[in-house]
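Structural characterization, general
For reference, the chains in residue letters:
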Amino acid sequence: MAPEMLANTFKSALKDGQQQIGLWLAMADPYSAEICAGSGFDWLLLDGEHSPLDLRTMLAQLQSVAPYPAHAVVRPPIGDPVLIKQMLDIGAQSLLIPMVETPQQAEMLVRATRYPPQGFRGVGAGIARAARWGRLDTYMDHANGEVCLLLQVETRAGLDNLEAIAATEGVDGVFLGAADLSASLGHPGQPQHPEVVDAMEKAIAIILGCGKAPGLLATDEAVATGYLALGARFVAVGVDALLLVKATQDLARRFKGGAPSATTASPY
Ligand SMILES: O=C(O)C(=O)C[C@H](O)[C@@H](O)CO
């Protein structure tokens, strides 16, 4: 049993079938991340793919959200073992890796998150935040077992290999990227296109069939609720930057005139 500081409660919640409601953080800022961490979400996505988030700001975000129950999931810009090593060493325990298309890639990513003999993660946490600079003296005993690895399937090629990717040992869940998937299926900017929705719904069933957790981002409440009803297990239901745009725009319009911004179809 991992000590409290090392136990990945998000990983175990997914394994226990508990749905986890999250918020996407695209502001790349530790101050706003802490504000969001106190809002009551189960998890927060620290997006290093589509926001100007670098390792230093990701570290600051991890530190600012640490006192709160919301679990930090970090996303590198790509599934690079070097970036993965650095993110794990600054203390990330849960990773979301974009653009996964083959089981071979999935196996490599599992090994990149594990110390030998299960994998090839470089050993250095003893001088890093992950093991609190040596203060967590059982870190090496628990690190492999407490990492949560979530892979993104978001292309036609990835869908073709979905079952093999989801079934890969060491993968905890598969995130369906509706924005990229819609583009890959020939419907850019239309994550609610019938062909995309059909693919997402079928993919959720396949992932569940593999005993893994399906996840996605949907900023439209009805869309998110629908996928949750189908068994999606980790669902981000908003993006900090989009919430700020809408709230500030609507406030200005209340005083300056103009209709509130329409509830647009989910951009994701
Ligand atoms: O393709 C997707 O969808 C995702 O990867 C999730 C969101 O798009 C996120 O990347 C923000 O754009």
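Scoring rules and cut-offs
- Residues numbered from 1 in each chain as written.
- Predicted model: local features only at pLDDT ≥ 70, side-chain atom pairs only at ≥ 80, totals over all residues.
- Heavy atoms only, no water.
- Helix = DSSP H or I, 4+ residues; strand = E, 2+ residues; numbered from the N terminus.
- Rg over C-alpha atoms; globule rule 2.2 N^0.38 Å.
- Buried < 20%, exposed > 50% of the residue type's maximum accessible area, 1.4 Å probe, protein only.
- Contact = heavy atoms within 4.5 Å.
- Areas by Shrake-Rupley, 256 points an atom, 1.4 Å probe, with all protein chains shown as cover.
- Lys, Arg positive; Asp, Glu negative; His and termini not counted.
- Charge placed at Lys NZ, Arg CZ, Asp CG, Glu CD.
- Near = heavy atom within 4 Å.
- Polar contact = N/O pair within 3.5 Å; in protein donor to acceptor, adjacent residues only side chain to side chain.
- Phe/Tyr/Trp six-rings, centres within 6.5 Å; stacked < 30°, edge-to-face > 60°.

Under the annotation held in an unreviewed UniProt entry, the protein carries the name 4-hydroxy-2-oxoheptanedioate aldolase and is attributed to Xanthobacter agilis.

Here we take up the overall build of the protein. Check the secondary structure of the protein and you find twelve helices and eight strands. Computed over its C-alpha atoms, the radius of gyration of the protein comes to 18 Å, within 12% of the 18 Å expected for a compact globule of 268 residues. For the protein, the residues scored as buried account for 50% of the 268 residues in total. In the protein, once contacts between residues fewer than 6 apart in sequence are set aside, the share between residues at least 24 apart is 63%. Carbon together with sulfur atoms contributes 57% to the accessible area of the protein, which is approximately 12,300 Å² in total. If you average the places of the 19 positive and of the 28 negative side-chain charges in the protein, the two averages end up 4 Å apart.

With respect to spatial proximity, twelve residues lie near the ligand, and among them Arg75, Gln152, Ala178, Ala179 and Asp180 are the closest. A distance of 2.7 Å separates an oxygen atom of the ligand from a polar side-chain atom of Arg75. Here Ala178 contributes a backbone N or O atom positioned 3.0 Å from an oxygen atom of the ligand. Taking 310 Å² as the accessible area of the ligand by itself, protein coverage stands at 94%.

Inspection of every chain in the model, using the stated rule, returns five aromatic pairs. Centre to centre, the rings of Phe10 and Trp43 are 5.9 Å apart; their planes meet at 40°, and the pair counts as tilted. Pair noted here: Phe10 is in helix α1 (residues 9-15) and Trp43 is in strand β2 (residues 43-47), with a separation of 33 residues, a long-range link. Summarising the burial analysis for this pair, Phe10 and Trp43 share the class buried.

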